[in-house]
Amino acid sequence: IMSLKKVMLNCQMEKSKRCFMYNYSIVKANEEHVEEICQDIIRQTKEGITDLALFSLTLMAEGDPEIDKATIEGAKYIKFRDRLKQEGVEVGILVQATIGHGYPLNADFPYQHVIDLKGGERRFVTCPYDEGFRDYLRKTFKTVASLNPKTIMVDDDFRLMGRPGRGCACPLHMKAVSRLAGREVTREELSEAIFGEKKDEKLKKIFFETQKDSLLGGAMAMREGIDAVNPDLSASFCCVGPSTEFAADIAKILA
C-alpha cells in the first residue's frame, strides 16, 4: 500500500500527468444467470467494491473461415449491458484472448501459427506478424467497440517470449530476423545464439526487436479497429508476472 501511495503521489507531482487507480471485476456473460450477475455487479458498484465490471469475451481466431466470435459473444454482452444501463451502471469488456493462450482449439485458424524458438513446436497461438490476422484483429475490435463498452482491456495472452517456447520463430519472424541480420538465419542458429553456451548478443537483440515489432503491429491493428468506431474509447493492457514484455509500448498504443 505504501508503494502504491508513493507511485500515485509521484504522478500527482508531475503536473503534466494524472494517475488513477481502478478496481476492475472480471465477469463471465453467463446468459442463464443474467439477473443474478447484474444484481451482484450493482451491489459491487454501490458498495465501492469495484469501479467497473469487465465482461470476459474470448475472441482468438478459430475456424477457416474464422468464426465471428465478436458478434456471437457481443450478443451475450448486450443483454447485461442493457439491463445494467437501466440501473445507471456502466460496464466494459475484457478481450480475454486475442492471439490465444495456447490450448487446443475446436477448429484450426488460417493464419500463421507461432513456432517455438526453443523447440520448433507449432502452437495454437496466432503470430501477430500475419497481415491477414491483423485484419481479423481490426474487424474484431471494431465490433467490440461498436458494443459501446465503457473501456476495453486486452488480456495477457498478447505476448510471445513469456511462453514455454520463449518466443516466435515462425517463417515470418525468421524472415524479419534474417533481414535485420543481413543474412539468412535459421531457427536452430538463433536458438543456439540465445540459449547456447556461446551467446550472440547481436542476434539476441535482433530477435527481441522482431518480437516487439510484431506485437506492436498487432496492437496498432486493434486500436485501428477501435478508432473506426470511437477514437475516444479508452483501452488498456493486462500483464502478469514475468510476461510483461513491451507492456508499456503496447499499453500506450491501446490507450
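Definitions and limits used
- Residues numbered from 1 in each chain as written.
- Predicted model: local features only at pLDDT ≥ 70, side-chain atom pairs only at ≥ 80, totals over all residues.
- Heavy atoms only, no water.
- Core = buried A, V, L, I, M, F, W, Y, C linked by side-chain atoms within 4.5 Å.
- Buried < 20%, exposed > 50% of the residue type's maximum accessible area, 1.4 Å probe, protein only.
- Helix = DSSP H or I, 4+ residues; strand = E, 2+ residues; numbered from the N terminus.
- Contact = heavy atoms within 4.5 Å.
- Salt bridge = Lys/Arg side-chain N within 4 Å of Asp/Glu carboxyl O.
- Phe/Tyr/Trp six-rings, centres within 6.5 Å; stacked < 30°, edge-to-face > 60°.
- Lys NZ or Arg CZ within 6 Å of the ring centre and 35° of its normal.
- Expected span 1.5 Å × (residues − 1).
- Bend = angle between axes of the 7 residues up to and from the residue.

This brings us to the nonpolar core. Counting 71 residues, the largest nonpolar core has F55, F158, L190 and I250 as its most contacted members. If one sorts the elements of this core by residue count, helix 7 (residues 201-227) sits on top with nine residues. With sequence-adjacent residues up to four places away left out, L190 is seen in contact with L117, M174, V177, V185, L203 and F207. Judged by nonpolar contacts, the second largest core, of five residues, contains L52, L54, L94 and C238.

Pairing between side chains of opposite charge can happen when the charged atoms of each approach one another. Per the counting criterion, the structure on display carries 20 salt bridges. K150 is the salt-bridge partner of E90, the closest N and O atoms lying 3.4 Å from each other. Separated by 60 residues along the polypeptide, E90 in the loop between helix 3 (69-85) and strand 3 (91-97) and K150 in the loop between helix 4 (131-146) and strand 6 (152-154) bring together distant segments of the chain. On the accessibility criterion, K150 (44% relative accessible area) is partly exposed. In the salt-bridge network here, residues are joined through shared partners; they are E35, R83 and E87.

This part takes up the packing of aromatic side chains. According to the stated counting rule, one finds eight aromatic pairs in the structure shown. Between the aromatic rings of F133 and Y136, the centroid separation amounts to 5.9 Å while the plane-to-plane angle is 20 degrees, which identifies the pairing as stacked. Taken together, the residues F133 and Y136, both in helix 4 and three residues apart, mark about one turn of the helix. A relative accessible area of 3% places Y136 in the buried class. Geometrically, the ring pair formed by F158 and F237 is edge-to-face, given 6.5 Å between the ring centres and 85 degrees between the ring planes. Note that F158 is positioned in the loop between strand 6 and helix 5 (171-181) and F237 in strand 7 (residues 235-237), a separation of 79 residues in sequence. No difference in accessibility class separates F158 from F237, as the two residues are buried. Ring-pair connections join several aromatic residues into one group, and the members of that group are F55, Y77 and F80. Its guanidinium or amino end placed over the ring of F195, K118 lies 4.9 Å from that ring's centre, counting from NZ or CZ.

As a further point, take helix 5. Owing to its 3.6 residues per turn, the α-helix aligns residues three or four sequence positions apart on the same side. Where helix 5 is concerned, the buried positions are H173, M174, A176, V177, S178 and A181. Check the buried side of helix 5 and you find it contacts helix 6 (187-195) and helix 7. Residue G182 follows helix 5 closely and has a positive phi angle near 80 degrees.

Another point: helix 3. Compared with the 24 Å implied by 1.5 Å per residue over 17 residues, the 24 Å span of helix 3 between its first and last C-alpha is a close match. Largest kink in helix 3: about 30 degrees, centred on A75. For helix 3, the set of buried residues is K69, A70, E73, G74, Y77, F80, R81, R83 and L84. Those residues of helix 3 that are buried are in contact with helix 2 (34-46), strand 2 (52-58), strand 3 and helix 4.

Any functional reading would require information that these geometric values do not contain.
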